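Observations on the three-dimensional arrangement
If you want the building blocks of each chain, they are given just below.
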Amino acid sequence: MTKVAVAKGDGIGPEIMDAVLSIFDSAKVPLQYEVVEMGKWVFDKGYSNGMTPEAQQTIENLGILFKGPMETPKGKGVKSVNVTARKTWNTYANKRVFQTLHGVDTVFSKAGIPIDITVVRENIEDTYGGIEHMLTHDVALSRRFITRPGSMQVIKYAFEMARKNGAKRISCGHKANIMKQTDGLFLECFYEVAKDYPELKADDIIVDDLCMKLVTRPDLFDVVVLTNLQGDIVSDLCAGLVGGLGFAPSANIGDHICIFEAVHGTAPDIAGKNIANPTALLLSGIAMLRHLGLMESAAMIENALLYTLEQGVHTGDFGDRATKSLNTTEFSTAIINNFGKEPKNAPKPLLPNKPITQTVFKLDKNPMIYSKDAADEKIVGVDLFIESIEQPNAVAEKALQQVGDLFKLVTISNRGTQVWPKGSIFTNLVDLYCARFESVGDVAVTQTDIMELYKRISKEFKVCSAELLNAWGDKKAYSLAQGQ
Ligand code: NAI
């Protein structure tokens, strides 16, 4: 029998996980569970990543983790257990399905507008690296990594999933009009992958426009793929469209390990009261069953859940206030009592179980994912981020004294807006300037040349950060300052 690792989590986690596992047991789901120690309480025992080494080993051996929500310990320097898990095991795609559930009233269900949107969110990169520095007392910097191989992994997954599920449309949400290098790269990868899926209508949409359209015409969307932070926000928006966090399941998909969990957190305000809604975790569990080929078990449980919701049965967080709400245990018992029943709307077909044998991957080194065609690369300059409270002209004057023959000072910007050689007196300044030095004649320079320049500039200023200016052939691999 297939074995999966189970981590019950913190807050309402144990209550809703017990409810879901009782439904699985009553449905005789052919799975064995190995409960692992993971969560805030494990962190409190002194394990800095929130899991015991045994838990990590078990999850890596079994390849599937079914988890309850986990609390992020408060305090600086402490990382979220959830994010650590997703990143450690490279679950690069976060898939969240948002569907109209009959019995869960929303403005759209009342208006007869059906919703069936799958959001695929990149799960590793972006600002979630948490690589942040204070460059001066006044200026914080967050590094946002978007990589070609990382983007290709998640986008390929999204297209493959869309094809498998017979989707018609796949949209890339982005902000490439502003973030031309990072979101621009993600978008470029999207259309590169799209070429292999001619049967799917692939298009892109700027993320703010996407948000507006999702709340006005959610029925127009099918599969939407986004970078991490934008995907995080858009998927909570979609959760709201179908009735809230209590109905939002999520699957974190990787090549070797997959994690199934609800979108919501530990709900500390209602923890320990046995009143939490287990639906989101149950839907996540149903997705896990399908992932493992347990189609019949998944369909039977899903039909019972949908039937139960259609009957108006509800926990305290949703449904008709005029009818009595059930607690967590009563709600799961109601689902169990409805096994064998089918919802009026779109019952799921009872396809036979075909358990997929889990392959245990034994890796002896970290997989390196890289794209090989970064040819014709040269360094053509550097952006030096320097601390100063002087006016732009004074900064330029000092920088020009140190620039030497190999480089020219091209522009100085402050918070991304050009302030030298041209600018506006109305631009507010902070104590960090970016001085851009490019090689004279755009010739290739070496890292040693850059370091010499760095040394000279540091005679006048504290250099807080430096970024090489690369070019691939004639293409500049960096953005221009606003106004440059
Ligand atoms: P939350 O999702 O725990 O709660 C937000 C609101 O939704 C609360 O009013 C809560 O009572 C309600 N709620 C959430 N799930 C519910 C359910 N199943 N049934 C009924 N009501 C429900 O978000 P919050 O308060 O921001 O985070 C609490 C903790 O959870 C934090 O430590 C956070 O880091 C963690 N968290 C963990 C996640 C995970 O394990 N994947 C995801 C999100 C947050």
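Read on for a plain summary of the structure. These numbers come from a predicted model, not from an experiment. (Residues numbered from 1 in each chain as written. Predicted model: local features only at pLDDT ≥ 70, side-chain atom pairs only at ≥ 80, totals over all residues. Heavy atoms only, no water.)

Turning next to the sheet that holds strand 8 (residues 169-174). Backbone hydrogen bonds hold the strands of a sheet together, and the pairing may be parallel or antiparallel. The 10 strands are arranged 2-1-3-12-11-4-5-10-8-9 in an open sheet whose pairing can be described as mixed. In the strand order of this sheet, the two ends are held by strand 2 (31-35) and strand 9 (201-206), each with one partner. In this sheet, neighbouring strand axes are inclined to one another by 25° on average, regardless of whether the strands run parallel or antiparallel. Where strand 11 (residues 249-253) and strand 12 (residues 258-262) come together, 4 bridges link them in antiparallel fashion. Paired with Ala251 across the bridge in strand 12 is Phe260. (Pairing = 2+ DSSP bridges. Helix = DSSP H or I, 4+ residues; strand = E, 2+ residues; numbered from the N terminus. Axes fitted to C-alpha atoms, helices over the stretch in contact; angles between N-to-C directions.)

Our focus in this paragraph is the site of the ligand. Around the ligand lies a shell of 21 residues, among which Met70, Asn82, Gly265, Ala267 and Asp269 are the nearest. One of the side-chain nitrogen or oxygen atoms of Lys67 is found 3.4 Å away from an oxygen atom of the ligand. Between an oxygen atom of the ligand and a side-chain N or O atom of Asp269, the distance comes to 2.8 Å. Its free accessible area being 820 Å², the ligand has 67% of it covered by the protein chains. (Near = heavy atom within 4 Å. Polar contact = N/O pair within 3.5 Å; in protein donor to acceptor, adjacent residues only side chain to side chain. Areas by Shrake-Rupley, 256 points an atom, 1.4 Å probe, with all protein chains shown as cover.)

At a minimum axis distance of 8 Å, the contact between helix 11 (residues 295-310) and helix 12 (residues 328-337) shows a crossing angle of 115°. With respect to helix 12, the element helix 11 is oriented roughly perpendicular. Two packed elements cross with a definite hand, and for helix 11 against helix 12 that hand is right-handed. Residues Ala304, Leu305, Thr308 and Leu309 of helix 11 touch helix 12, and the partners they reach there are Phe331, Ala334 and Ile335. Broken down by class, the residue content of the contact of helix 11 with helix 12 amounts to 6 nonpolar, 1 polar and no charged. (Parallel < 35°, antiparallel > 145°, perpendicular 65-115°, else oblique. Left-handed = near helix turned anticlockwise from the far one by under 90°. Contact = heavy atoms within 4.5 Å. Nonpolar A, V, L, I, M, F, W, Y, C, P; charged D, E, K, R; others polar.)

To find the voids left in a structure, one rolls a probe of water-molecule size over its atoms. Its boundaries defined by the atoms lining it, the second largest pocket holds a volume of some 1200 Å³. Taken together, 35 residues make up the lining of the second largest pocket; nearest its centre are Lys95, Val97, Met161, Asn165 and Arg290. When residues in the lining of the second largest pocket are grouped by element, the largest group, 6 residues, is from helix 10 (residues 279-291). Counted by class, the lining of the second largest pocket contains 18 nonpolar, 9 polar and 8 charged residues. (1 Å grid on protein atoms, 1.4 Å probe; cavity = no way out; pocket = protein on both sides within 12 Å on 5 of 7 lines; lining within 4 Å. Points joined across faces, edges and corners; volume = space filled by probe spheres on them.)

Glancing now at the sheet that holds strand 15 (residues 417-420). Overall, antiparallel pairing links the 6 strands, which are arranged 15-14-16-13-17-18 in an open sheet. Two strands close off the open sheet at either side, each with one partner strand: strand 15 and strand 18 (475-476). Sheet topology places strand 13 (residues 377-387) next to strand 17 (residues 462-472); 10 bridges connect them, and they run antiparallel. Its bridge partner lying in strand 17, Lys378 is registered against Ala471. Set on the sheet, helix 13 (residues 392-402) makes contact with strand 13, strand 14 (407-414), strand 15 and strand 16 (432-439); between it and strand 14 the angle comes to about 155°. Against the sheet, helix 14 (residues 447-457) engages strand 13, strand 14, strand 16 and strand 17, with an angle of about 15° to strand 13.

With the rule as written, the count across this model stands at 24 salt bridges. Here Arg121 makes a salt bridge to Asp232, at a shortest N to O gap of 3.5 Å. Placement of the pair is Arg121 in strand 5 (residues 116-122) and Asp232 in helix 9 (residues 228-241), with a sequence separation of 111 residues. Using a relative accessible area of 22% as the deciding quantity, one classes Asp232 as partly exposed. Here Arg148 and Glu188 are joined by a salt bridge, their closest N and O atoms 3.0 Å apart. You can see Arg148 sitting in helix 6 (residues 148-164) and its partner Glu188 sitting in helix 7 (residues 182-194), a full 40 residues away along the chain. A residue is classified by how much of its surface remains accessible, and Glu188, at 37% relative accessible area, is partly exposed. Look at the salt bridges and you will find they share partners, linking Lys67, Arg86 and Glu261 into a network. (Salt bridge = Lys/Arg side-chain N within 4 Å of Asp/Glu carboxyl O. Buried < 20%, exposed > 50% of the residue type's maximum accessible area, 1.4 Å probe, protein only.)

Next up on the list: empty space enclosed by the protein. Under the definition given, this model contains 1 cavity of 30 Å³ or more. Here the largest cavity is characterised by a volume of approximately 40 Å³. Considering the residues around the largest cavity, the lining is formed by Gln99, Thr100, Leu101, Val104, Thr106, Phe108, Ser109, Ile113, Ile115, Leu241 and Val242.

Buried within helix 8 (residues 207-216) are the following residues: Val207, Leu210 and Leu214. Down the axis of helix 8, the sector holding all buried residues measures 45°, keeping them to one side. (Arc of directions from axis to C-beta.)

Most of strand 12 is tucked away: 5 of the 5 residues are buried. Neither face of strand 12 is exposed, since Cys258, Phe260 and Ala262 on one face and Ile259 and Glu261 on the opposite face are all buried. Looking at chain direction, strand 3 (residues 64-67) and strand 12 are connected through 3 bridges and run parallel. Across the sheet, Phe66 pairs through a bridge with Phe260, a residue of strand 12. Counting the residues in the hairpin turn of strand 11 and strand 12 gives 4 residues.

In short, shape yes, function no, at least from these values alone.
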